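The chain contents come next:
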Amino acid sequence: MQKHNQKEHLYKLLVIGDLGVGKTSIIKRYVHQNFSPHYRATIGVDFALKVLSWDAETVVRLQLWDIAGQERFGNMTRVYYREAMGAFIVFDVTRPATFEAVTKWKEDLDSKLVLPNGKPVPTVLLANKCDQGIDVLMNNGIKMDQFCKENGFVGWFETSAKENININEASRCLVKHIIASESDPVQSIEPDIIKPHLNSSKIVSCSACFKS
Amino acid sequence: MLNNWDKWMAKKHKKIRLRCQKGIPPSLRGRAWQYLSGSKVKLEQNIGKFDELDLLPGDPKWLDVIERDLHRQFPFHEMFVSRGGHGQQDLFRVLKAYTLYRPEEGYCQAQAPIAAVLLMHMPAEQAFWCLVQICEKYLPGYYSEKLEAIQLDGQILFSLLHKVSPVAYKHLSKQKIDPILYMTEWFMCAFSRTLPWSSVLRVWDMFFCEGVKIIFRVGLVLLKHTLGSSDKLKSCQGQYETMERLRALSPKIMQETFLVQEVRCWGTVWVATLLDWAALGWAELA
């Protein structure tokens, strides 16, 4: 792998969202290039690996963590989230309740996981099953770009695991942001506003943000 | 044996255990599970209860989740393959009835494969009471809201592994692989989605007779034979590789005869553990 001076990146990505929104199918489509209506509900967590040739010098290996959507498995998410570098939050465009749960998933994620530099992990929102023709986004006039901005998503895509729409694009978007956040030197996100806190760390209530 | 069950249970329990270890004949399995689990008695004490629950509409919150799962249990089994077919209908009835029977617990996704296996062996009403016994007597707390019991059993499994296979224990500790990453599905579904079918049935035969310790033993056998020597660990350099290995277990160690024999021969060891495992020097046994 090193023989052509290739760099290799390894990223753990989470795929989360409510039950039955299509997390497993998206991963199956992305990794195995197929779609099947015959699949099993995820219990606990499942895994898959995708290798991307990012550019001439870079290979990106993505560990995709497929996490059970039922609420009670939320009691285990702290363990699943550990050391992840990015996330997809998925909802089903035909079911408004799964969109309402998106902010709940985002809060759960951000409260249990931050990057070493203290920032939240880059997260892309996936509006899945867009092939079904019933679109709660359109029907409710939700402005997705604004929603993403307000809720800290780096981007959003309408996807379909069934018709293979936008899944590669969504992944490239997420990886791009992860690479950017990695090369983003810690100093640049520690502007002078933060430095006084560092100097007087005793009065900072959330010192964890500056650890390591 | 089934005709004089009470006598056998009272006086010849060892014989029953041996029969279960050797495998219950397929033609008797469904009935035997009901005797072993006590679900037969439970049904007799609650005549009409299932029909009563069956007629109630149920909480839409649970119905929605259950309906989403109906076609996702053993999707290639002929009983569950067709949408709205008998298998899926019965599965719905059993799971819905449980949410009405224990509204505070509701429905947990891991109950569906359990109920599906039961339905392959008995009618809906019988399967319901058998599910009740599993959820309340065999694996209490596994499916309830906070999932605390399964997390606790994960820790117990891990500390048992320390005794049974220090090599595997050290490896998993070093790679910071929390037990819930690999044992959740194993334990919550009683290996029904992990092992080849003939092994599932043999494990369930023993499980119904001897209880949750069978699940622990199977877990320990699988861990030990997957990660228990430095040779086996060569291909498990990283956390992800290890988890891949645990997910795609070698067919050899899951094979019915091998697995059951391993689980059985650990029986005596297990009793010893309960008495005084520390004094025995388990590292040598492992």
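What you are looking at is a predicted structure, and each value in this text was computed from that prediction instead of being measured.

**Concerning the pairing of strand β3 (residues 58-67) of chain A**
Residue and element names in this part refer to chain A.
Alright, step 1. Counting buried residues in β3 gives 9 out of 10 residues, a clear majority hidden from the surface.
Alright, step 2. By the bridge criterion, 9 bridges tie strand β1 (residues 7-17) to β3 in an arrangement that is parallel. Residue pairing for β3: H9 is matched across the bridge by V60.
Alright, step 3. Of the pairings in the sheet, the one linking strand β2 (residues 45-55) to β3 comprises 10 bridges and is antiparallel in character. Looking across to β3, one finds that V51 is bridged to R61.
Alright, step 4. Taken together, β2 and the strand that follows it, β3, pair antiparallel across an intervening segment of 2 residues.

**Focus on a nonpolar patch on the surface**
Alright, step 1. Taken together, the side chains of L10(A), L49(A) and V51(A) make up a nonpolar region of the molecular surface, amounting to roughly 250 Å² of accessible area.
Alright, step 2. Checked against the element boundaries, L10(A) lands in strand β1.

**Notes on helix α14 (residues 212-227) of chain B**
Alright, step 1. In this model, α14(B) (16 residues) spans 23 Å end to end at C-alpha, consistent with the 22 Å of a helix rising 1.5 Å per residue.
Alright, step 2. Among the 16 residues that make up α14(B), 14 are buried, leaving the element largely enclosed by the rest of the structure.

**Describing the confidence of the model for chain A**
Alright, step 1. Summarising the model, chain A shows a mean pLDDT of 85, and 81% of its residues fall at 70 or more.
Alright, step 2. Long-range and interchain partners of residues 187-212 of chain A, a stretch whose pLDDT sits below 50, account for 15 contacts in this model, where long-range means more than four residues apart.

**Some points on the interface of chain A and chain B**
Alright, step 1. In this assembly, 27 residues from chain A lie in contact with 38 residues from chain B.
Alright, step 2. Interface of chain A and chain B: buried area, both sides summed, is about 3000 Å²; carbon and sulfur atoms make up 58% of it.
Alright, step 3. Together, R40(A), I43(A) and R72(A) form the three largest contributors to the area buried by chain A at its contact with chain B, with a combined 26%.
Alright, step 4. Summed over the shared surface of chain A and chain B, the number is 3 salt bridges.
Alright, step 5. For R40(A), the salt bridge goes to E185(B), with nearest N and O atoms at 4.0 Å.
Alright, step 6. Counting every contact that joins chain A to chain B gives 15 residue pairs in polar contact (both at pLDDT 80 or more).
Alright, step 7. Put simply, the parts of the chain that give the side of chain A that touches chain B at least two residues each are β2, β3 and α2 (77-81) of chain A.

**Some remarks on the UniProt feature "domain: Rab-GAP TBC" (unreviewed entry) in chain B**
Alright, step 1. UniProt's entry tags residues 23-211 of chain B with the feature "domain: Rab-GAP TBC" (unreviewed entry), counted in the numbering of this structure.
Alright, step 2. Measuring from the first to the last C-alpha atom of residues 23-211 of chain B gives 15 Å, for a span that is 66% helix and 0% strand.

**Some words on the domain arrangement of chain B**
All names here are of chain B.
Alright, step 1. The domain boundaries assigned to chain B delineate domain 1 (2-16 + 29-138) and domain 2 (148-285).
Alright, step 2. Taking the mean C-alpha position of each, domain 1 and domain 2 sit 26 Å from one another.
Alright, step 3. Residue-level contacts link 19 residues of domain 1 with 14 residues of domain 2.
Alright, step 4. Of the roughly 1500 Å² buried at the junction of domain 1 and domain 2 (both faces included), carbon and sulfur atoms supply 77%.

**Comments concerning the packing of aromatic side chains**
Alright, step 1. Applying the stated criterion across every chain, the model contains 24 aromatic pairs over all chains.
Alright, step 2. Ring geometry for F128(B) against W129(B): centres 4.9 Å apart, planes inclined by 75°, an arrangement best described as edge-to-face. Like W129(B), F128(B) is buried.
Alright, step 3. For the pair W186(B) and F191(B), a centre-to-centre distance of 5.8 Å together with 35° between the ring planes defines the contact as tilted.
Alright, step 4. For F191(B), a relative accessible area of 0% gives the class buried.
Alright, step 5. Above the face of the W65(A) ring, K12(A) is positioned so that its terminal group lies 3.4 Å from the ring centre.

**Focus: the sheet that holds strand β6 (residues 155-158) of chain A**
Alright, step 1. Pairing is mixed across the open sheet formed by 6 strands, whose spatial order is β2-β3-β1-β4-β5-β6 (chain A). For this open sheet the edge positions go to β2 and β6 of chain A, each flanked by a neighbour on one side alone. Averaged over all neighbouring strand pairs, the angle between strand axes comes to 25°, with direction disregarded.
Alright, step 2. In this sheet, strand β5 (residues 123-128) of chain A lies alongside strand β4 (residues 86-92) of chain A in parallel orientation, the contact comprising 6 bridges. Note that in β5(A) the partner of I89(A) across the bridge is L125(A).
Alright, step 3. Across the face of the sheet, helix α16 (residues 239-247) of chain B comes into contact with β2 and β3 of chain A while running at roughly 135° to β2(A).

**A short note on the pattern of salt bridges**
Alright, step 1. Counted under the stated rule, the structure contains 22 salt bridges over all chains.
Alright, step 2. One salt bridge in this structure joins R72(B) and D69(B), with 2.8 Å as the shortest N-O distance. Of the two residues examined, R72(B) and D69(B), each falls in the buried class.
Alright, step 3. Each of R40(A), E185(B) and R193(B) takes part in salt bridges that share partners, so that together they form one network.

**Re the pairing of β4(A)**
Residue and element names in this part refer to chain A.
Alright, step 1. For β4, the tally of buried residues reaches 7 of 7 residues, placing the bulk of the element in the interior.
Alright, step 2. Burial along β4 is two-sided: the face carrying G86, F88, V90 and D92 and the face carrying A87, I89 and F91 are both buried.
Alright, step 3. In terms of strand pairing, β1 meets β4 through 5 bridges, oriented parallel. Pairing of I16 across the sheet is with I89, part of β4.
Alright, step 4. After leaving β4, the chain enters helix α3 (residues 96-112) and then returns to the sheet as β5, a path that is right-handed.

**What about the side chain of E105(B)?**
Alright, step 1. Locating E105(B) in the fold gives a position in the loop between α7 (86-101) and α8 (111-119).
Alright, step 2. We note that E105(B) is buried and unpaired, the nearest opposite charge coming from R102(B) at a distance of 5.3 Å.
Alright, step 3. Among the polar contacts listed, one links the side chain of E105(B) to the side chain of Y98(B), at a separation of 3.3 Å.
Alright, step 4. Among all residues touching E105(B), those that are not within four sequence positions of it are R72(A), W62(B), Y98(B) and S144(B).

**Some words on unusual backbone geometry**
All names here are of chain A.
Alright, step 1. Residues other than glycine seldom take positive phi values, yet Q33 does so here, at roughly 55°.
Alright, step 2. You can see Q33 is positioned in the loop between α1 (23-32) and β2.
Alright, step 3. For E83, which is not glycine, the phi dihedral falls at a positive 65°.
Alright, step 4. Tracing the chain through its elements places E83 in the loop between α2 and β4.
Alright, step 5. Owing to a relative accessible area of 60%, E83 belongs among the exposed residues under this scheme.

Rules used throughout
- Residues numbered from 1 in each chain as written.
- Chains lettered and ligands numbered in written order.
- Predicted model: local features only at pLDDT ≥ 70, side-chain atom pairs only at ≥ 80, totals over all residues.
- Heavy atoms only, no water.
- Buried < 20%, exposed > 50% of the residue type's maximum accessible area, 1.4 Å probe, protein only.
- Helix = DSSP H or I, 4+ residues; strand = E, 2+ residues; numbered from the N terminus.
- Pairing = 2+ DSSP bridges.
- Patch = residues over 30% accessible without salt bridge, like charges linked within 9 Å, V, L, I, M, F, W, Y side chains within 5 Å.
- Areas by Shrake-Rupley, 256 points an atom, 1.4 Å probe, with all protein chains shown as cover.
- Salt bridge = Lys/Arg side-chain N within 4 Å of Asp/Glu carboxyl O.
- Expected span 1.5 Å × (residues − 1).
- pLDDT = per-residue confidence, 0-100.
- Contact = heavy atoms within 4.5 Å.
- Buried area = accessible area lost by both parts, 1.4 Å probe.
- Polar contact = N/O pair within 3.5 Å; in protein donor to acceptor, adjacent residues only side chain to side chain.
- UniProt positions renumbered as here; feature names shortened; annotations may be inferred.
- Domains from an automatic or database assignment.
- Phe/Tyr/Trp six-rings, centres within 6.5 Å; stacked < 30°, edge-to-face > 60°.
- Lys NZ or Arg CZ within 6 Å of the ring centre and 35° of its normal.
- Axes fitted to C-alpha atoms, helices over the stretch in contact; angles between N-to-C directions.
- Right-handed = clockwise from strand over helix to strand, strands pointing away.
- Lys, Arg positive; Asp, Glu negative; His and termini not counted.

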